[in-house]
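Tertiary structure, described
Listed below, chain by chain, are the residues.
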Number of protein chains: 2
Amino acid sequence: MPAMVAVDAMGGDHAPEAPVRGAVEAARTMGIPVCLVGDGEKIRAVMDAMPDGAGRDARDLVTVRHASEVVAGDDQPVAAIRRKKDSSMAVALAMVRDGEASAVVSAGNTGALMAGGVLILGRVEGVDRPALSTILPTENGKGVLMLDVGANVDSKPEHLVQFAVMGSVYASRVLGWKPVSVALLNIGSEQGKGCETVREAFTRLRARGDFAGNVEAKDVLSGGVNVVVCDGFAGNVFLKTLEGAAEMIFKSLKKEIGKGYLSKLGALMLKPAFAGLKARLDYSEYGGAPLLGLKKACIKCHGRSGPRAIMNGCRVAFQYAGSGAIAFLEEELRPSSIPEGGS
Amino acid sequence: MPAMVAVDAMGGDHAPEAPVRGAVEAARTMGIPVCLVGDGEKIRAVMDAMPDGAGRDARDLVTVRHASEVVAGDDQPVAAIRRKKDSSMAVALAMVRDGEASAVVSAGNTGALMAGGVLILGRVEGVDRPALSTILPTENGKGVLMLDVGANVDSKPEHLVQFAVMGSVYASRVLGWKPVSVALLNIGSEQGKGCETVREAFTRLRARGDFAGNVEAKDVLSGGVNVVVCDGFAGNVFLKTLEGAAEMIFKSLKKEIGKGYLSKLGALMLKPAFAGLKARLDYSEYGGAPLLGLKKACIKCHGRSGPRAIMNGCRVAFQYAGSGAIAFLEEELRPSSIPEGGS
């Protein structure tokens, strides 16, 4: 299997510019072979318009595969994958299934990518439900991998246990985080807290060496643990609250700053500090997050990804495909290796 | 029944100073009759030490009821209420049950107050589970009432429906918010999104005139709706994420500001803006949140409450007790008045 990354050139808010430029940069600066999948004419136009002839320079490492359709952001996921067989997303996934590429990167419709991942790439044996993950910046700068953040609701304890194994393997084998500590998102840190599902998952995870117990939502970003496991409902609430809170704080601060001459001047002087903070909160450094539990490496970049985020997505996809993590996950999820519950 | 507010003088991080001073101020400036419940000697010492003789001035409106025990922050809730019969919290609740006071205010152990509320005051008929609520500031300055934020996990659809009715009645009858719009916290705004419980609750709430559908966590603080209903697990994740996010953003900004001379100067100039933002986010203006679904008015103030928050808590408790909201809630929850499901 060639170690090539198939990039959905038509997915995301800034397609095709961002995926094309990001993939070209990954090829040029990191030597990663990429295949841009989508409208061939548009892809080549973006490549040709890149400054300093970057697009032309990268031609050896960048191939283009034409696909005539596009999965839209508001398409119904399963229907989109089933009906738009020649969409950039479906074609990129099929290339990986058929061994023409080893990993896929997309900033397109998240639900469709998950549906396509399951339908076209398939689930790892032992995984009932693949999970959507995300990597968030932490206070100590190390980052935390959180899953599931919205692919599944009404998760059962065994699903949370599988998420824990999936997250642990990815964190250690692909991200290189050591030691890995996995915690359950809960409403208190003591054992026995929370809803039935989480309490049961706690009991089943106790025997694992990397299990660190419960973590409260307020402590997720402090970096005390590096993998946080939750149902997709709670994960979505967590992520969206974070988004809303950051937006509200910045907006309110802006409003307060606008009130006086001195504070406007102060804000000007603080510009580098705000920029530094923004960079710390910037997801683009992490290069997207994996759809975990699929048979092949599949990286979802944020819909708002620019070239830099896509480039990092290609890097992560390349590392993921070459890491052997998926084979390791299969091994870990063999029935004999999952504890069925503790005392 | 005398319209008196029983204040747990021993509850909260800053007891007895904050509850005593806050209650005295409520009596002095708002004319609210209060009874301070707790260690009589300590209470009088705080009153006597108040500047300008405020404590002495308020003696006509402030009575003291001695209680020899204190519910600690880490006491097991039900056990604390059952065993510490002479605790300030249990005595304050019993005063309301016995008609000696019309409402209770406490900044103490939340779980114990909820347990005491159920055991001593009792639930309104038609309420399976009382809920803990909170009032959050919104971008438009209006505030949003959220429930449940941690009293119940594994809520069933009928519980969410009851929360919706409880929240709506409190928002309109006590807070005076009009019109009231009630939404379910969900992972998407469209009908059909989310977990089974929330989907079922949606169907049952559709017939209500004040039902506004689903709201995503990121939009809760924008102020589009003024009552948000959720299971206590999701509500806790929401609140704690907010707390963690605000902490992380301020800490990071501080770190960035510390990096340069100009930005330090800028931060100095921005001080009023930061103070303004802090005031906007300050919970103390809202004066605590009600434990909804109990037969009597019971207001929980934040554990970190200062005198101002307690004073506002007394105001809210007084209004709540005098509003007739609880009788109205009983009426609303009569079996005939709750829709059993929609088409």
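Residues numbered from 1 in each chain as written. Chains lettered and ligands numbered in written order. Predicted model: local features only at pLDDT ≥ 70, side-chain atom pairs only at ≥ 80, totals over all residues. Heavy atoms only, no water.

**Re the side chain of R204 of chain A**
On the secondary structure map, R204 of chain A appears in helix α8 (residues 196-205). Take R204 of chain A: its relative accessible area is 16%, and that puts it in the buried class. (Helix = DSSP H or I, 4+ residues; strand = E, 2+ residues; numbered from the N terminus. Buried < 20%, exposed > 50% of the residue type's maximum accessible area, 1.4 Å probe, protein only.)

**So, the environment of V34 of chain A**
Residue and element names in this part refer to chain A. Relative to the elements of secondary structure, V34 occurs in strand β2 (residues 34-38). Given a relative accessible area of 0%, V34 falls into the buried group. Remark: the alpha-carbon pair of V34 and V7, spanning 27 residues in sequence, is separated by 6.9 Å. Those residues within four positions of V34 in sequence are excluded, and the remaining contacts are M4, V5, V7, A23, A27, L61, V62, T63 and C314. (Contact = heavy atoms within 4.5 Å.)

**Some remarks on the state of the cysteines**
Within the structure shown, the criterion is met by 0 disulfides over all chains. C35 of chain A carries a free sulfur, and the closest cysteine sulfur to it, the one in C314 of chain A, is 11 Å from it. Of all cysteine sulfurs, the one in C195 of chain B lies closest to C195 of chain A, which takes part in no disulfide; the gap is 10 Å. (Disulfide = S-S within 2.5 Å.)

**Topic: the domain arrangement of chain A**
Each assigned domain of chain A is listed with its residue range as follows: domain 1 (1-127 + 293-343) and domain 2 (134-287). Each of domain 1 of chain A and domain 2 of chain A was reduced to a C-alpha centroid, and the two centroids are 24 Å apart. (Domains from an automatic or database assignment.)

**Looking at the interface of chain B and chain A**
Each partner contributes residues to the interface: chain B has 51 residues there, and chain A has 51 residues. Of the roughly 4,700 Å² buried where chain B meets chain A, counting both sides, 75% is carbon and sulfur surface. Between the two partners, chain B and chain A, sit 2 salt bridges. Put simply, chain B and chain A have 6 residue pairs in polar contact (both at pLDDT 80 or more) between them. Put simply, the parts of the chain that give the side of chain B that touches chain A at least two residues each are β7 (182-186), α8 (196-205), α9 (232-257), α10 (261-269) and α11 (271-280) of chain B. For the side of chain B that touches chain A, the leading source of residues is α9 of chain B, giving 22 residues. In terms of residue class, the side of chain B that touches chain A is built from 29 nonpolar, 11 polar and 11 charged. (Buried area = accessible area lost by both parts, 1.4 Å probe. Salt bridge = Lys/Arg side-chain N within 4 Å of Asp/Glu carboxyl O. Polar contact = N/O pair within 3.5 Å; in protein donor to acceptor, adjacent residues only side chain to side chain. Nonpolar A, V, L, I, M, F, W, Y, C, P; charged D, E, K, R; others polar.)

**What about the relation of the copies chain B and chain A?**
Expressed as a screw transformation, the operator carrying chain B onto chain A has a rotation angle of 180° and an axial translation of 0.0 Å, and the superposed copies differ by an RMSD of 0.1 Å. In symmetry terms, the pair is related by a two-fold rotation axis. Across chain B, the smallest distance between a C-alpha and the rotation axis is recorded for G266 of chain B, namely 1.8 Å. The share of interface residues of chain B whose copies in chain A are also at the interface is 100%, consistent with both copies meeting through the same surface. (Least-squares fit on C-alpha atoms with pLDDT ≥ 70 in both.)

**Thoughts on the pairing of strand β5 (residues 131-136) of chain A**
Residues and elements named next belong to chain A. Where burial is concerned, most of β5 is hidden: 6 out of the 6 residues are buried. Neither face of β5 is exposed, since A131, S133 and I135 on one face and L132, T134 and L136 on the opposite face are all buried. Sheet topology note: the β5/strand β10 (residues 289-292) ladder contains 2 bridges and is antiparallel. The residue of β10 that forms the bridge with L132 is L291. Relative to strand β6 (residues 144-147), β5 runs antiparallel, the two being bridged by 4 bridges. Residue L136 lies in a different strand from β6, and its bridge partner there is V144. (Pairing = 2+ DSSP bridges.)

**Let's talk about the sheet that holds β7 of chain B**
Residue and element names in this part refer to chain B. Ordered by their spatial adjacency, 11 strands build an open sheet running β3-β2-β1-β4-β11-β10-β5-β6-β9-β7-β8, and the pairing between neighbours is mixed. The open sheet is flanked by β3 (62-66) and β8 (211-216), the only strands paired with a single partner. Neighbour to neighbour, the strand axes of the sheet diverge by 25° on average, direction disregarded. Looking at chain direction, β7 and strand β9 (residues 227-229) are connected through 3 bridges and run parallel. Across the sheet, the residue bridging to A183 is V228, located in β9. (Axes fitted to C-alpha atoms, helices over the stretch in contact; angles between N-to-C directions.)

**Quick look at the confidence of the model for chain A**
Reading predicted coordinates in detail is not appropriate for stretches of low pLDDT. For chain A, per-residue confidence averages 90 on the pLDDT scale, and 92% of positions sit at 70 or higher. Interface confidence for the predicted complex, expressed as ipTM, amounts to 0.86; the pTM equals 0.88. (pLDDT = per-residue confidence, 0-100.)

**Digging into the packing of aromatic side chains**
Two numbers describe a pair of aromatic rings. These are the distance of the centres and the angle of the planes. All names here are of chain A. Counted according to the given criterion, the structure contains 4 aromatic pairs over all chains. Ring geometry for F202 and F211: centres 5.1 Å apart, planes at 80°, overall edge-to-face. Assigned by exposure class, F202 and F211 land together as buried. Looking at R173, its charged tip hangs above the ring of F328, at a distance of 3.5 Å from the centre. (Phe/Tyr/Trp six-rings, centres within 6.5 Å; stacked < 30°, edge-to-face > 60°. Lys NZ or Arg CZ within 6 Å of the ring centre and 35° of its normal.)

**Considerations on the side chain of S133 of chain A**
Residue and element names in this part refer to chain A. By the secondary structure assignment, S133 is in strand β5. Here the side chain of S133 touches P290 through a polar contact of 2.9 Å, landing on its backbone oxygen. In contact with S133, not counting residues within four places along its chain, are L145, M146, L147, V149, A289, P290 and L292.

**Structural notes on unusual backbone geometry**
That bond from A15 of chain A to P16 of chain A is cis: its omega, 0°, falls within 30 degrees of zero. By the secondary structure assignment, P16 of chain A is in the loop between β1 (5-8) and α1 (17-30). In this structure, D52 of chain A is a non-glycine residue whose phi angle is positive, near 60°. Within the element layout of this structure, D52 of chain A appears in the loop between α2 (40-48) and α3 (54-57). Here D154 of chain B, not a glycine, exhibits a phi torsion of approximately 55°, which is positive.

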